[in-house]
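A look at the structure
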Amino acid sequence: MSYPSQVRLVEVGPRDGLQNEKQPISVAAKVRLIDDLGATGLAHIEAGSFVSEKWVPQMAGSSEVFAALHRRPGVTYAALVPNLRGFEAALAAEVSEIAVFAAASEAFSRRNINCSIAASLKRFEPVLAAAEQHGIRVRGYVSCVLGCPYDGDIAPEQVAQVARELHAMGCYEVSLGDTIGVGTARATRRLIEVVGARVPRSQLAGHFHDTYGQALANIHASLIEGVTVFDASVAGLGGCPYAKGATGNVASEDVLYLLNGLGIETGIDLTLLCETGRRICAVLGRENGSRVSKALVARHGQDRAG
Ligand code: HMG
Ligand code: MG
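A few points on the structure.

Calculation rules
Here the residue numbering is sequential within each chain, running from 1 through the sequence in written order. Here the convention is simple: chains get letters from A, ligands get numbers from 1, in the order in which they are written. Totals for whole chains, interfaces and linings use all residues, but because this is a predicted model, local features are given only for residues with pLDDT of at least 70 and pairs of side-chain atoms are given and counted only at 80 or more. Only hydrogens and water are set aside; all other atoms, that is, all heavy atoms of the structure, feed into the side-chain values. To qualify as a helix, a DSSP run of H or I must reach at least 4 residues; to qualify as a strand, a run of E must reach at least 2; elements of each kind are numbered from the N terminus. Note that the radius of gyration is over C-alpha atoms, with the globule rule given as 2.2 Å times the number of residues to the power 0.38. For every residue, the accessible area obtained with a 1.4 Å probe (protein chains only) is divided by the maximum for its type, and the residue is called buried under 20%, exposed over 50%, and partly exposed between those limits. In what follows, residue pairs with any heavy atoms lying within 4.5 Å of each other are defined as contacts. Surface accessibility follows the Shrake-Rupley procedure with a 1.4 Å probe radius. Residue values consider only the protein chains on display as shielding. Working convention for charge: Lys and Arg count positive, Asp and Glu count negative, and His plus the chain ends are omitted. In this description, the location of a charge corresponds to atom NZ of lysine, CZ of arginine, CG of aspartate or CD of glutamate. Comment: axis = line fitted to C-alpha atoms, over the contacting stretch for helices; angle = value between 0 and 180 degrees taken between N-to-C directions. For classification, angles of less than 35 degrees are called roughly parallel, those exceeding 145 degrees roughly antiparallel, those between 65 and 115 degrees roughly perpendicular, and all remaining angles oblique. Ten residues, namely Ala, Val, Leu, Ile, Met, Phe, Trp, Tyr, Cys and Pro, are considered nonpolar, four, namely Asp, Glu, Lys and Arg, are considered charged, and the remaining ones, Gly among them, are considered polar. Throughout, right-handed denotes a crossover for which the path from the first strand over the helix to the second runs clockwise when the strands point away from the viewer. DSSP bridges decide pairing: two strands pair if at least two such bridges lie between them. Donor atoms (N, O, S) are those found within 2.8 Å of the metal centre, with the cutoff raised to 3.2 Å for Na, K and Ca; water is not part of the atom list, so apparent gaps in a site can occur. Proximity is defined per residue: any heavy atom of the residue falling within 4 Å of a molecule or strand makes that residue near it. N or O atoms closer than or at 3.5 Å make up a polar contact, with two conditions inside protein: a donor-capable atom paired with an acceptor-capable one, and, for residues adjacent in sequence, both atoms drawn from side chains. Relevant arc is that of directions from the helix axis to the C-beta atoms, nothing else. Joining through side-chain atoms within 4.5 Å is the link that ties buried Ala, Val, Leu, Ile, Met, Phe, Trp, Tyr and Cys residues into a set, and such a set is a nonpolar core.

A short note on the overall build of the protein chain
Scanning the protein chain from N- to C-terminus turns up 12 helices and eight strands. Its C-alpha atoms give the protein chain a radius of gyration of 18 Å, near enough to 19 Å, the size a compact globule of 306 residues would have. Taken along the three principal axes of its C-alpha coordinates, the protein chain extends 50 × 45 × 35 Å. Here the protein chain holds 306 residues, and the buried ones make up 57% of them. Partitioning the contacts of the protein chain with sequence separation of at least 6, the portion at a separation of at least 24 is 74%. Here the protein chain displays about 12,600 Å² of accessible surface, and carbon together with sulfur accounts for 49% of that area. Charge centroids of the protein chain, computed over 29 positive and 31 negative side chains, lie 2 Å from each other.

Regarding the packing of helix 11 (residues 270-284) against helix 12 (residues 291-300)
Relative to each other, helix 11 and helix 12 sit at 100 degrees, their axes nearing to 10 Å. On the basis of the axis angle, helix 11 is roughly perpendicular to helix 12. Note on element contacts: helix 12 touches helix 11 through Val292, Ser293, Leu296 and Val297, opposite Leu270, Cys274 and Arg278. Of the residues contributing to the contact of helix 11 with helix 12, the split by class is five nonpolar, one polar and one charged.

Let's talk about the pairing of strand 3 (residues 76-80)
Of all five residues in strand 3, five are buried; the element is thus mostly enclosed. Where burial is concerned, the two faces of strand 3 agree: the one with Thr76, Ala78 and Leu80 and the one with Tyr77 and Ala79 are both buried. Between the parallel pair strand 2 (residues 44-49) and strand 3, the chain is carried across by helix 3 (residues 62-68), and the sense of this crossover is right-handed. Sheet analysis places strand 3 next to strand 4 (residues 97-103), joined by three bridges and oriented parallel. From the neighbouring strand, leucine 80 faces strand 4, where its bridge partner is alanine 99. In terms of handedness, the path from strand 3 via helix 4 (residues 84-92) over to strand 4 forms a crossover that is right-handed.

Description of the coordination of the magnesium ion (ligand 2)
All of the protein donors around the magnesium ion (ligand 2) are Asp16 (OD), His207 (NE2) and His209 (NE2); their distances to the metal are 2.0 to 2.3 Å. Sequence spacing of the donor residues for the magnesium ion (ligand 2), all on one chain, is D-x190-H-x1-H. Here the residue aspartate 16 occupies a position in helix 1 (residues 13-17), and histidine 209 occupies one in the loop between strand 7 (204-208) and helix 9 (215-224), the gap between them amounting to 193 residues. Of the two residues, aspartate 16 and histidine 209, neither departs from the other in class, the shared state being buried.

So, the site of ligand 1
Surrounding ligand 1, one finds 25 residues, the nearest of these being Lys54, Arg85, Asn114, Ser143 and Thr179. Between a nitrogen atom of ligand 1 and a main-chain N or O atom of phenylalanine 50, the distance comes to 3.0 Å. Between asparagine 114 and ligand 1, the recorded distance is 2.7 Å, taken from a side-chain N or O atom to an oxygen atom. Computed on the free molecule, ligand 1 has an accessible area of 1,100 Å², of which 76% lies beneath the protein chains in the complex. Taken together, the residues of the shell around ligand 1 sort by class into nine nonpolar, 11 polar and five charged.

Remarks on unusual backbone geometry
Positive phi, close to 60 degrees, is recorded for glutamate 94, a residue that is not glycine. Tracing the chain through its elements places glutamate 94 in the loop between helix 4 and strand 4. By relative accessible area, which is 57% here, glutamate 94 ends up exposed. Phi at cysteine 144 takes a positive value of approximately 60 degrees, unusual for a residue other than glycine. Assignment of secondary structure puts cysteine 144 in the loop between strand 5 (137-143) and helix 7 (156-169).

So, helix 12
For helix 12, the set of buried residues is Val292, Ser293 and Leu296. Taken around the axis of helix 12, the buried residues stretch over an arc of 100 degrees, which confines them to a single face. With respect to the buried face of helix 12, the exposed residues turned more than 90 degrees away are Arg291 and Ala298. Where helix 12 is buried, its residues contact helix 10 (252-261) and helix 11. Between the side-chain oxygen at the start of helix 12 and the backbone nitrogen of valine 292 there is a gap of 3.4 Å, and the oxygen is on serine 290.

Points about the nonpolar core
Among the nonpolar cores identified, the biggest contains 85 residues, and Phe66, Ile98, Val142, Val159 and Leu166 are the most heavily contacted of them. By residue number, the principal contributor to this core is helix 6 (residues 117-133), which donates seven residues. Ranked by size, the runner-up nonpolar core spans 10 residues in total, among them Val10, Val12, Phe101 and Ala205.

Topic: the pairing of strand 8 (residues 229-232)
Alternating residues of strand 8 divide into Val229 and Asp231 and Phe230 and Ala232, and every residue in both groups is buried. Across four bridges, the pairing between strand 1 (residues 8-11) and strand 8 is parallel. Bridged to valine 10 within strand 8 is aspartate 231. Sheet topology note: the strand 7/strand 8 ladder contains two bridges and is parallel. The residue of strand 8 that forms the bridge with glycine 206 is phenylalanine 230. Tracing the backbone out of strand 7, into helix 9 and back to the parallel element strand 8 gives a crossover that is right-handed.

Read these as geometric descriptors, not functional statements.
Below, the structure written as structure tokens:
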């Protein structure tokens, strides 16, 4: 079995993690989280989204967050954008790059962005064109790649079609989202086989929510299939506002522990990442979703566990 020598982790905690929190979170707390994440060595942080605040109230302060964060050279600060209006706001906030988000399931597309898959792709065309004009890279997401909370099973071919369209439109990378965390390692390998025939594997990313505790197994399966970019959320923060019962992304700390164990280079400091996760959990008054972080505390005590 061969593994890549390097993997890029995309930290989505400040966006995918926090978007689902019901309690108000101050701009200062969000900025502290992003700055702490930047100090760990993470080179790609999704810091917010420019969506309708009626749909996702928690992301309403994203402009203020981008204005206040302390940008580190070499770190990409990204934001989600659903339409041209969101793009204009992202541009004004001087984001490093944007992400558009589609779904492989019609029902989820309607619940999440209030339009069909085809209409969403049409809506992204001017966004991609405007981004190109301003030299801003665009990442694409496909949700519900291994199952949908409304439509159930999703055929990998359906995912491949949406992924291919996003790629053809100009997305430099397509992140495959197991939004409700139902996937298994076998289904993940099959998915990458099918999608990988339409989009180069080097331009695919894995985005696994951990609802059924399968995310690390699915990441391992993806690594074997040649995927080298993974999204994760510090302390396993989050869920999806339009996917009832779905838990957060797999914890970044746990993914890093897996990668470290495989001898795969990421440039990220596990101790600092664990500290960051524990700090945001204390702020939110929420249980830490990282098994690794909890194990290190149990072993070394709070102060020395990092
Ligand atoms: P709509 O209601 O169909 O469209 O929403 P609209 O044009 O009628 O807009 C509704 C209101 O929002 C209007 O305000 C617009 O002006 C305003 P009103 O006139 O009623 O006062 N509006 C905006 N405000 C701020 N920024 C904007 C914007 N656009 C319109 N960009 C829309 C359509 C797409 C806007 C809406 O459905 C939406 O914002 N959805 C976002 C949902 C979302 O953010 N979901 C979570 C992220 S996706 C995810 O988590 C999955 C992922 O992690 C991968 C995975 O796990 O699968 C990425
Ligand atoms: Mg997600």
